[in-house]
Amino acid sequence: YVILVPVAVMVGTDVVTYAFGWSGAYSPTQILGLGAFVYSGFVLAAAIGQAYRPRLLLRTRTIAIMATVSIPATILYDLWTAFGDWLTISRFPPLAWSLGHVLEMQVPFTLVHLASSLIFVPIFGSLFLYLHAHGWPTAGPSPAGADDSGPD
């Protein structure tokens with residue numbers, strides 16, 4: 001689900017965006033080409049995270065490790081998608097940008113992605129760590145005589 005659900009949502013929103021004509025001046029070939037880089041980059045970043053998951057127990061140190069792993073995964077993703085943008089869109093007229101120019105323009109986005117990784121990985125990691133240790137909080141005690149042991 002880590003890969004399937006987000007990729008399905010991205011494909012769905014891309015299809016809707018293109019169907020309603022919000023794609024701008026890009027041809028279907030350009031959109032599909034860049035989409036291939038975006039989706040494969042996402043899958044690669046998720047696979048990097050998944051490679052570390054079996055070795056980590058849910059504890060506080062895990063959050064620091066996952067935040068550290070997210071940095072190279074984020075940089076790799078942004079480099080890959082910037083290369084895809086250059087290869088499928090930006091190197092052709094009317095832009096005709098060099099790969100160096102595209103990478104230079106990618107820097108602000110990469111900084112935002114790194115900041116969000118360093119903020120949200122610890123926030124969600126702490127939440128998942130808490131839920132793993134204590135379970136999902138309930139609204140109140142069970143009614144008297146209710147059997148909460150689960151299905152028979």
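### Overview of the overall build of the chain
Here's step 1: Per the secondary structure count, the chain includes 4 helices and 0 strands.
Here's step 2: In sequence order, the chain lays out its α and β elements as α-α-α-α.
Here's step 3: In the chain, which comprises 152 residues, the proportion classed as buried is 22%.
Here's step 4: In the chain, the share of contacts with a sequence separation of at least 24, taken over all contacts with a separation of at least 6, comes to 70%.

### So, a nonpolar patch on the surface
Here's step 1: Residues Ile119, Phe120, Ile123, Phe124, Leu127 and Phe128 make up a contiguous nonpolar surface patch of about 580 Å² in total accessible area.
Here's step 2: You can see isoleucine 119 is positioned in helix H4 (residues 99–134).
Here's step 3: By relative accessible area, which is 46% here, isoleucine 119 ends up partly exposed.

### Considerations on the environment of proline 122
Here's step 1: Looking at the element boundaries, proline 122 is found in helix H4.
Here's step 2: For proline 122, a relative accessible area of 25% gives the class partly exposed.
Here's step 3: Excluding residues that lie within four positions of it along the chain, proline 122 makes contacts with Ile63 and Ser117.

### A few points about the confidence of the model for the chain
Here's step 1: When the pLDDT values of the chain are averaged, the result is 83; 86% of them are 70 or greater.
Here's step 2: Looking across the chain, the model is least confident in helix H1 (residues 4–19), with a mean pLDDT of 85, and most confident in H4, with 91.

### Section: the side chain of serine 90
Here's step 1: With respect to the helices, strands and loops of the structure, serine 90 is situated in helix H3 (residues 60–90).
Here's step 2: Accessibility expressed as a relative area gives 2% for serine 90, which makes it buried.
Here's step 3: Setting aside residues up to four positions removed in sequence, serine 90 forms contacts with Asp85, Leu95, Ala96, Trp97 and Val102.

### Focus on the packing of aromatic side chains
Here's step 1: Inspection of the entire model under this criterion finds 5 aromatic pairs.
Here's step 2: Relative to tryptophan 80, the ring of phenylalanine 37 lies with its centre 4.6 Å away and its plane at 45°, an arrangement referred to as tilted. Of this pair, phenylalanine 37 sits in helix H2 (residues 28–52) while tryptophan 80 sits in helix H3, placing them 43 residues apart in sequence.
Here's step 3: On the accessibility criterion, phenylalanine 37 (11% relative accessible area) is buried.
Here's step 4: By relative accessible area, tryptophan 80 is classed as partly exposed at 36%.
Here's step 5: Between phenylalanine 83 and tryptophan 86, the ring centres sit 5.9 Å apart and the planes meet at 35°, which makes this aromatic pair tilted.

### Here we look at unusual backbone geometry
Here's step 1: For the bond running from proline 93 to proline 94, omega is 10°, close enough to zero to count as cis.
Here's step 2: In this fold, proline 94 is placed in the loop between H3 and H4.
Here's step 3: The phi dihedral of alanine 96 is positive, around 55°, even though this residue is not glycine.
Here's step 4: On the secondary structure map, alanine 96 appears in the loop between H3 and H4.

### With respect to H4
Here's step 1: For H4, built from 36 residues, the straight-helix expectation of 52 Å at 1.5 Å per residue is met to within 8% by its first-to-last C-alpha distance of 49 Å.
Here's step 2: The largest bend in H4 comes to about 40°, at valine 107, with the proline proline 108 one to four residues further on.
Here's step 3: By the burial criterion, the buried members of H4 are Val102, Gln106, Thr110, Leu114, Ser117, Gly125, Leu129 and Leu131.

Criteria and cut-off values
- Residues numbered from 1 in each chain as written.
- Predicted model: local features only at pLDDT ≥ 70, side-chain atom pairs only at ≥ 80, totals over all residues.
- Heavy atoms only, no water.
- Helix = DSSP H or I, 4+ residues; strand = E, 2+ residues; numbered from the N terminus.
- Buried < 20%, exposed > 50% of the residue type's maximum accessible area, 1.4 Å probe, protein only.
- Contact = heavy atoms within 4.5 Å.
- Patch = residues over 30% accessible without salt bridge, like charges linked within 9 Å, V, L, I, M, F, W, Y side chains within 5 Å.
- Areas by Shrake-Rupley, 256 points an atom, 1.4 Å probe, with all protein chains shown as cover.
- Salt bridge = Lys/Arg side-chain N within 4 Å of Asp/Glu carboxyl O.
- pLDDT = per-residue confidence, 0-100.
- Phe/Tyr/Trp six-rings, centres within 6.5 Å; stacked < 30°, edge-to-face > 60°.
- Expected span 1.5 Å × (residues − 1).
- Bend = angle between axes of the 7 residues up to and from the residue.

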